[in-house]
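# Observations on chain architecture
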Amino acid sequence: MLESSKSDMEDRISDIHGALVNLHGEPEPPRDMHPVDSVIHTILSQNTSDENRDNAWDDLVSEFGHNYEAIENADHDELADAIRTAGLANQKASRIQDSLRTIREHTGGEYSLEFIKEMDVDEAQSWLTNIKGIGDKTAGIILLFRFGMDYFPVDTHCERLAKRFGLIPEDASYARAHELLTEHVPSDIKYSFHRLLIDHGRAYCTARDADCSNPVCEQFCDCEYC
Ligand code: SF4
């Protein structure tokens, strides 16, 4: 499969996507969220569960509302306390405040990412990843979820399943996985395919455990683990 043409690869991805939709259902669209909220939300997501992230987010909003100026200028320890349930609270508080400062300085005073719409994907990714604490995955989620850009964020489930479904080489680095999937996953299913690979990985194929008896894997996984 890996040596197939681009259109063969896209066909295979579309077939896997269809099977994933049949099994898991079409994912809900991304939450309607202000892009700056999205930056904070994705920082809170790092290395924690969705539940802990959501609890930290709710605590943050109840403490500061969506007042970015207040969050940027908050006492660091106070902010860390507000987001404690997300884990790595000191590091995440610094990253949130650094991000808000960078955005405000770039726009000359506003907490807005509207300027991203004027950028191409590479430029936007590079701008976001220059913010300390925003890596490729975080930037990718913002670009795909908030701006609908043609970008495929790769998390651990996406990377593992793309390898096991033969979409990328087993030894592909994270960067190469991202490059290949961004190139080959059709634009109109990038969001859905990203979400479904995560759903499928969580349900059937984690780093420690694999439950290979499901219709998607029975049809598409050629890996040696089954
Ligand atoms: S068949 Fe098994 S190892 Fe392969 S992707 Fe599915 S759950 Fe993972």
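Keep in mind the model is a prediction, meaning the values are calculated, not measured.

## Here's the deal with the site of the ligand
As a structural note, the neighbourhood of the ligand is formed by twelve residues, with C205, C212, C217, C221 and C223 the closest of them. Here the shell around the ligand is built from residues that sort into ten nonpolar, no polar and two charged.

## Things to note about the domain arrangement of the protein
Here the protein is described as being made up of domain 1 (6-28 + 152-220) and domain 2 (35-146). Taking only C-alpha atoms, the centre of domain 1 and the centre of domain 2 are 27 Å apart. The tally of links between domain 1 and domain 2 comes to one salt bridge. For D50, the salt bridge is made with R202, and the minimal N-O distance between the two is 3.3 Å. Along the contact surface separating domain 1 from domain 2 lie one residue pair in polar contact (both at pLDDT 80 or more). Per-element tally for the side of domain 1 that touches domain 2: the top contributor is helix α11 (residues 190-204), with five residues. Residue composition of the side of domain 1 that touches domain 2, grouped by class: four nonpolar, one polar and four charged.

## A word on helix α2 (residues 35-45)
Of all eleven residues in α2, ten are buried; the element is thus mostly enclosed. Taken together, the buried positions of α2 are occupied by P35, V36, D37, S38, V39, I40, H41, T42, I43 and L44. Among the structural elements, α3 (50-64), α4 (68-73), α6 (89-107) and α8 (136-146) are those in contact with the buried residues of α2. Of the residues flanking the end of α2, it is N47, one or two places downstream, whose phi is positive at about 55°.

## Structural notes on the packing of α2 against α3
Their axes nearest at 9 Å, the elements α2 and α3 cross at an angle of 135°. In terms of orientation, α2 lies oblique with respect to α3. Taken as a pair, α2 and α3 cross one another with a handedness that is right-handed. Mapping the contact onto sequence places D37, I40, H41, L44 and S45 in α2 and R53, D54, A56, W57 and L60 in α3.

## So, the layout of surface pockets
Approximately 900 Å³ is the volume attributed to the largest pocket. Taken together, 30 residues line the largest pocket, and the ones lying closest to its centre are S45, D50, R53, I141 and R202. Put simply, the parts of the chain that give the lining of the largest pocket at least two residues each are α2, α3, α8, α9 (156-164) and α11. Of the residues assigned to the lining of the largest pocket, the class counts are seven nonpolar, twelve polar and eleven charged.

Parameters at a glance
Along each chain, the written sequence defines residue order, and numbers are assigned to residues from 1. Per-residue local features of the predicted model are confined to residues with pLDDT of at least 70, and side-chain atom pairs are confined, for both listing and counting, to 80 or more; whole-chain, interface and lining totals are unaffected and use all residues. In computing side-chain values, all of the structure's heavy atoms are included and hydrogens and water are not. Any residue with a heavy atom lying within 4 Å of a molecule or strand is counted as near it. Just so you know the grouping, Ala, Val, Leu, Ile, Met, Phe, Trp, Tyr, Cys and Pro go in nonpolar, Asp, Glu, Lys and Arg go in charged, and all remaining residues, Gly too, go in polar. Each domain span listed reflects an automatic or database assignment of domains. For this document, the term salt bridge refers to a Lys or Arg side-chain nitrogen within 4 Å of an Asp or Glu carboxyl oxygen. Polar contact criterion, stated in full: a pair of N or O atoms within 3.5 Å, where within protein one must be able to donate a hydrogen and the other to accept it, and residues adjacent in sequence count only if both atoms are side-chain atoms. Counting from the N terminus, the helices are DSSP H or I runs at least four residues long and the strands are E runs at least two residues long. Residue exposure (1.4 Å probe, protein chains only): buried if accessible area is under 20% of the type maximum, exposed if over 50%, otherwise partly exposed. Residue contacts are counted whenever heavy atoms from the two residues lie within 4.5 Å of one another. Note on method: axes are straight lines fitted to C-alpha atoms, helices fitted across the in-contact stretch only, with angles between N-to-C directions ranging 0 to 180 degrees. By the definition adopted for this analysis, an angle is roughly parallel if under 35 degrees, roughly antiparallel if over 145, roughly perpendicular if from 65 to 115, and oblique otherwise. In this scheme the handedness of a crossing depends on how the near helix is turned from the far one: anticlockwise by less than a right angle means left-handed, clockwise means right-handed. In the cavity and pocket records, a cavity denotes points on a 1 Å grid over the protein atoms alone where a 1.4 Å probe fits but cannot get out, a pocket denotes an open set with protein on both sides within 12 Å along at least 5 of 7 lines, and lining residues are residues with an atom within 4 Å of a point. Grid points are joined across faces, edges and corners, and a volume is the space filled by probe spheres set on the points.

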